[in-house]
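# Remarks on the overall topology
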Amino acid sequence: NAGVTQTPKFQVLKTGQSMTLQCAQDMNHNSMYWYRQDPGMGLRLIYYSASEGTTDKGEVPNGYNVSRLNKREFSLRLESAAPSQTSVYFCASSDRDRTGELFFGEGSRLTVL
Amino acid sequence: AQKITQTQPGMFVQEKEAVTLDCTYDTSDPSYGLFWYKQPSSGEMIFLIYQGSYDQQNATEGRYSLNFQKARKSANLVISASQLGDSAMYFCAMRDARGTDKLIFGTGTRLQVFP
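Reference entry: report on the structure contained in this document. (Residues numbered from 1 in each chain as written. Chains lettered and ligands numbered in written order. Predicted model: local features only at pLDDT ≥ 70, side-chain atom pairs only at ≥ 80, totals over all residues. Heavy atoms only, no water.)

### Re the nonpolar core
Residues and elements named next belong to chain B. In terms of nonpolar packing, the biggest core is built from 25 residues, with Ile4, Tyr25, Leu34, Trp36, Ile49, Leu77 and Tyr90 touching the most fellow members. Secondary structure elements with two or more residues in this core: β3 (19–21), β5 (32–39), β6 (46–52), β8 (64–69), β9 (74–79), β10 (88–96) and β12 (109–114). In terms of residue count, the dominant contributor to this core is β10 (4 residues). Those residues in contact with tyrosine 25, other than ones at most four positions away along the chain, are Lys3, Ile4, Tyr32, Leu34, Phe68, Gln69, Lys70, Lys73, Ser74, Ala75 and Met94. (Core = buried A, V, L, I, M, F, W, Y, C linked by side-chain atoms within 4.5 Å. Buried < 20%, exposed > 50% of the residue type's maximum accessible area, 1.4 Å probe, protein only. Helix = DSSP H or I, 4+ residues; strand = E, 2+ residues; numbered from the N terminus. Contact = heavy atoms within 4.5 Å.)

Below, the structure is given as C-alpha cells:
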C-alpha cells in the first residue's frame, strides 16, 4: 500500500535555486494538500486542491506555486528558494465523502543555504 | 476565519495515568470537522480521532476520546492509561464546510510519558 508518496525525501538548495517537490496518491482522493512544518509553528497550509484542475491558497502561499497535474499528482514548486523556506514539507490527501481525514506522505526535509 | 489554538506547548504524564490535551477552535460555519493527529519522533503523521460538529456523541477510538464541548468551542483529546509509546507531538485540526476544503492545524502539544 503506497498511499501518499512524496519525493525527494531530502534536498539541499542554494538561495535562488528552484526545485519541485512531487506528490502522488493512489487512493483516488479528490483533495490534496501541501503543508510546511516548522518548530513551534505546527503545520501550516501552503496550497490545497479540492479537485483536479483547481488549486487554492492556504495560510502561507508566498514563494510557492503548485500544479494539480491530474487526480493523482500535486506538485509544489519553489521558483527561487530562500533560507526562510527551510522546512519539512508534507503532502497529504483526503476523501471528503467520508470523514475527510488526511493521509500524509512521509515528509520532505528541505534546507536552503 | 478559521482558527485552532493549542495552549499547552508541553505536557508530562506518568505511565498508566490519563491526560487531557486542550484544543479550542473558532469558526463561523455551523458544519465542521475536528481531527487529532499524533506525530512521533520518527516524523510521520498518524490520524487518531475525528469529531463532526453535528455528532451527538463524543468520539472514541480505543484509549483516545474527544471531549467535545460545542458551546465552548473546545475539542480536547483525552488519552487514558498512558503508555511510553504515547510520547509524541499531538496536533488538533479543523476543516469547515464553507465550500472550501481547507484543513488547518494548531501549533501542537508535546506529550512526554514517564515511567
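Structure shown, so let's carry the discussion forward.
### What about the interface of chain A and chain B?
Counting from both sides, the interface comprises 20 residues of chain A and, opposite them, 19 residues of chain B. Surface buried jointly by chain A and chain B totals about 1,600 Å² across both partners, of which 57% is contributed by carbon and sulfur atoms. Summed over the shared surface of chain A and chain B, the number is 0 salt bridges. The tally of links between chain A and chain B comes to 5 residue pairs in polar contact (both at pLDDT 80 or more). Among the secondary structure elements, those contributing two or more residues to the side of chain A that touches chain B are β4 (31–38), β5 (42–49), β9 (87–94) and β10 (102–104) of chain A. Residues that form the side of chain A that touches chain B fall into these classes: 10 nonpolar, 7 polar and 3 charged. (Buried area = accessible area lost by both parts, 1.4 Å probe. Salt bridge = Lys/Arg side-chain N within 4 Å of Asp/Glu carboxyl O. Polar contact = N/O pair within 3.5 Å; in protein donor to acceptor, adjacent residues only side chain to side chain. Nonpolar A, V, L, I, M, F, W, Y, C, P; charged D, E, K, R; others polar.)

### Topic: the pairing of β5(A)
All names here are of chain A. Within β5, 7 of the 8 residues are buried, leaving the element largely enclosed by the surrounding structure. From the end of β4 to the start of β5, which pair antiparallel, there are 3 residues, and glycine 40 there has a positive phi angle of about 80°. When β5 meets strand β6 (residues 56–57), the two strands line up antiparallel, connected through 2 bridges. Bridge pairing links tyrosine 48 to aspartate 56 in β6. A loop of 6 residues connects β5 with β6, the two strands running antiparallel in sequence, and glycine 53 in this loop sits at a positive phi of about 90°. (Pairing = 2+ DSSP bridges.)

### Regarding the packing of aromatic side chains
Counted according to the given criterion, the structure contains 14 aromatic pairs over all chains. The interplanar angle of 20° and the centroid separation of 6.1 Å between the aromatic rings of Tyr33(A) and Tyr35(A) together place this pair among those described as stacked. For the ring pair Tyr33(A) and Tyr48(A), a centre distance of 6.3 Å and an interplane angle of 20° mean the geometry is stacked. With a gap of 15 residues between them, Tyr33(A) in strand β4 and Tyr48(A) in strand β5 connect regions that are remote in the sequence. Here Tyr33(A) and Tyr48(A) have matching classes, each one buried. Taken together, the aromatic side chains of Tyr33(A), Tyr35(A), Tyr48(A), Phe90(A), Phe104(A), Phe35(B), Tyr37(B), Phe47(B), Tyr50(B), Phe91(B) and Phe105(B) make up a single cluster linked through ring pairs. Cation over ring: Arg63(B) sits above Tyr64(B), and NZ or CZ is 5.7 Å from the ring centre. (Phe/Tyr/Trp six-rings, centres within 6.5 Å; stacked < 30°, edge-to-face > 60°. Lys NZ or Arg CZ within 6 Å of the ring centre and 35° of its normal.)

The values are spatial; any link to function lies outside them.
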